[in-house]
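Fold and contact review
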Amino acid sequence: MPKPKRLPILALTMFFIVAVALALIALDVLQAWNARQVHWQAAHSETNNFARSLAQHASDTFKEADTSLIGIVERLEFEGATPASLQRIQKLQERYTNHLPQLHELLVTDEKGRALVATLPGTFNATYDDREYFRYHQTDTSPKPHIGPAIRSRSTGTWVITISRRYNHPDGRFAGVVLASLKMDYFQQFYDGFDIDRAGAISLTLSDGQILVRRPYDEAAIGLYLGNTQIFKDLLPQHPKGHFIRVSPVDKIERMYSYSRVDNYPLVIFAAKSKQAIFEDWLINTYRYSAITAVVVILLCLLGGLLYREIQQGVKTEAKLLNTQKALEVANRELEQVALYDGLTGLANRRQFDIQLETEFKRALRHGTSLSLILIDIDHFKGYNDSYGHLAGDECLRVISQVIDRCLQRPGDLAARYGGEELVVLLPETEDVDAYAIAEMLRRRVADLNLIHRATPCGKVSISAGVHGFVPVAKERTPQDLIRYADQALYRAKASGRNRVCLFREMVTEEIRPD
Ligand SMILES: Nc1nc2c(ncn2[C@@H]2O[C@H](COP(=O)(O)OP(=O)(O)OP(=O)(O)O)[C@@H](O)[C@H]2O)c(=O)[nH]1
């Protein structure tokens, strides 16, 4: 019986479980990676939008203040700094400061830096010739506005950002400065109102890299110079808008920055989200999904392990069953041997012979063929036992049986132990004369063994045989007729002196004389 092919099933089961587990893990990793990309993109466009709208806000805020400066410069250059003109400008400035919430102060100085018009009380006639913006306009003849670094207001002590313009005498000489100072608080509050993450940052800097305003507020960061960083040296000169990731030199937090130059003014705005905040949600979701995947994979492995053990158990059980089946087959064969074969001679036993006789008789009846039988008896066997012992008698019986069995050529022929020292040979499809010839051959073969037998006249073991055969005719002949007439022929052979074969034919027994 072929061995059952269970091993590939076990290997396939293992392969399937491992493949499904790996696929689940791979899907989880892929999903996590995609989600990370989505978070990254979302953060990028969010900071980008922040930077754009903040740049617009900065541009509008400075433009409003600058527009008022343009008007004042126009008046001063057209009318000159006459008392009447300065009075009108004073009124105009007060209207501006009331109207524009970002304005801290509007100021006009003469060419010495003395305040001619000021909106804050106590600043009139104060001197501003030491201020950066005054010195800038003293030397720079450009009519463009100038935005200076963040400074503390002399009158209020608060942080302000200045935007200033130079105005000239009719001959083009420097006549003084018109200045608007913007409240840093205004920007600070605006930036604080943005819904950016806790560690997010917004900075408004000058184009040269000096910080003007920063969220989160840190006084130490005001005026910090970043002009020597790669962003200001390489990135900004080439790209007015963009993004980058870097660790902040101010608070050492890693962020994703989007930046944008402010239209018309030498300003740059930066909006940033911290990397930690960008990936906070993603990390939480990834941990959740990974935990679920881990549970599923563990369950799968457990179930797979159980399935594997079940199959393994099945294989073992099947192997046991196979062994049991084999043992049963062996036992059955032994039983069959015991049931159908004679233990001493190894020939078919009487039971098998009876079955076979019945079968062959019916077959001969059906086909109209002849069936013959030889009944054999060892001569003077009692004497042999008496002379040489029963064991030697057994051995003699075994040897003669083997000789007879070997002489039979055709598959249907059957040699059996009929009982005691009597043997029988059944020969299907064999005429009685042919059976006779076979019996005679058997007799000769036994004689040729030359087994010593002192108690016989010829001095060696011999056999006598009775033969009978016929073509069975329904209801006229029975299987027992074959035995009966063969026995009669045997009786005749014994009676005639043994060591011979007699054929029983048509009620006449023919006798063949021995050599
Ligand atoms: N050793 C041995 N002897 C057996 C066996 N079966 C029968 N015998 C003996 O065979 C002998 C048969 O003897 P008898 O039937 O008296 O006849 P015989 O001595 O053979 O003499 P004839 O048949 O007349 O030639 C008996 O002594 C049986 O005990 C057997 O299986 N083994």
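Residues numbered from 1 in each chain as written. Predicted model: local features only at pLDDT ≥ 70, side-chain atom pairs only at ≥ 80, totals over all residues. Heavy atoms only, no water.

1. A closer look at the pattern of salt bridges
- Applying the stated rule across the entire model yields 24 salt bridges.
- A salt bridge links Asp251 to Arg214; the shortest N-O distance between them is 2.9 Å. A residue pair is termed long-range when its members are at least 10 positions apart, and Asp251 in the loop between strand 9 (241-247) and strand 10 (254-261) and Arg214 in strand 8 (residues 211-215) qualify at 37 residues.
- Its relative accessible area of 24% is what places Asp251 among the partly exposed residues.
- Judged by its relative accessible area of 5%, Arg214 is buried.
- Arg363 is the salt-bridge partner of Glu360, the closest N and O atoms lying 3.1 Å from each other. (Salt bridge = Lys/Arg side-chain N within 4 Å of Asp/Glu carboxyl O. Helix = DSSP H or I, 4+ residues; strand = E, 2+ residues; numbered from the N terminus. Buried < 20%, exposed > 50% of the residue type's maximum accessible area, 1.4 Å probe, protein only.)

2. Digging into the site of the ligand
- Inspection of the region around the ligand gives 17 residues, with His380, Phe381, Asn385, Arg417 and Arg498 positioned closest.
- Within the contact set of the ligand, a nitrogen atom lies 2.7 Å away from a side-chain nitrogen or oxygen of Asn385.
- For the ligand, whose unbound accessible area comes to 650 Å², protein coverage reaches 69%.
- Contributions of two or more residues to the shell around the ligand are made by strand 12 (371-378), helix 9 (381-388) and helix 10 (390-407). (Near = heavy atom within 4 Å. Polar contact = N/O pair within 3.5 Å; in protein donor to acceptor, adjacent residues only side chain to side chain. Areas by Shrake-Rupley, 256 points an atom, 1.4 Å probe, with all protein chains shown as cover.)

3. Some remarks on the environment of Thr456
- As for its placement among the helices and strands, Thr456 is situated in the loop between helix 11 (432-449) and strand 15 (463-470).
- We classify Thr456 as buried; its relative accessible area is 7%.
- Between the C-alpha atoms of Thr456 and Asp379, which are 77 residues apart in sequence, the distance is 8.1 Å.
- One polar contact links the side chain of Thr456 to the main-chain amide nitrogen of Lys460, over a distance of 3.4 Å.

4. A short note on the sheet that holds strand 10
- With respect to topology, five strands assemble into an open sheet ordered 8-7-11-10-9, the strand pairing being antiparallel. The sheet is open, and its two edges are formed by strand 8 and strand 9, each paired on a single side. Each adjacent strand pair in this sheet contributes to an overall mean axis angle of 20°, direction not counted.
- Alignment of strand 10 against strand 11 (residues 267-274), held across seven bridges, turns out to be antiparallel. Across the sheet, Tyr257 pairs through a bridge with Ala272, a residue of strand 11.
- Where helix 4 (residues 184-192) meets the sheet, its contacts fall on strand 7 (201-206), strand 8 and strand 11, and the angle it forms with strand 8 comes to roughly 35°. (Pairing = 2+ DSSP bridges. Axes fitted to C-alpha atoms, helices over the stretch in contact; angles between N-to-C directions. Contact = heavy atoms within 4.5 Å.)

Everything listed is a geometric property; what it means functionally is a separate question.
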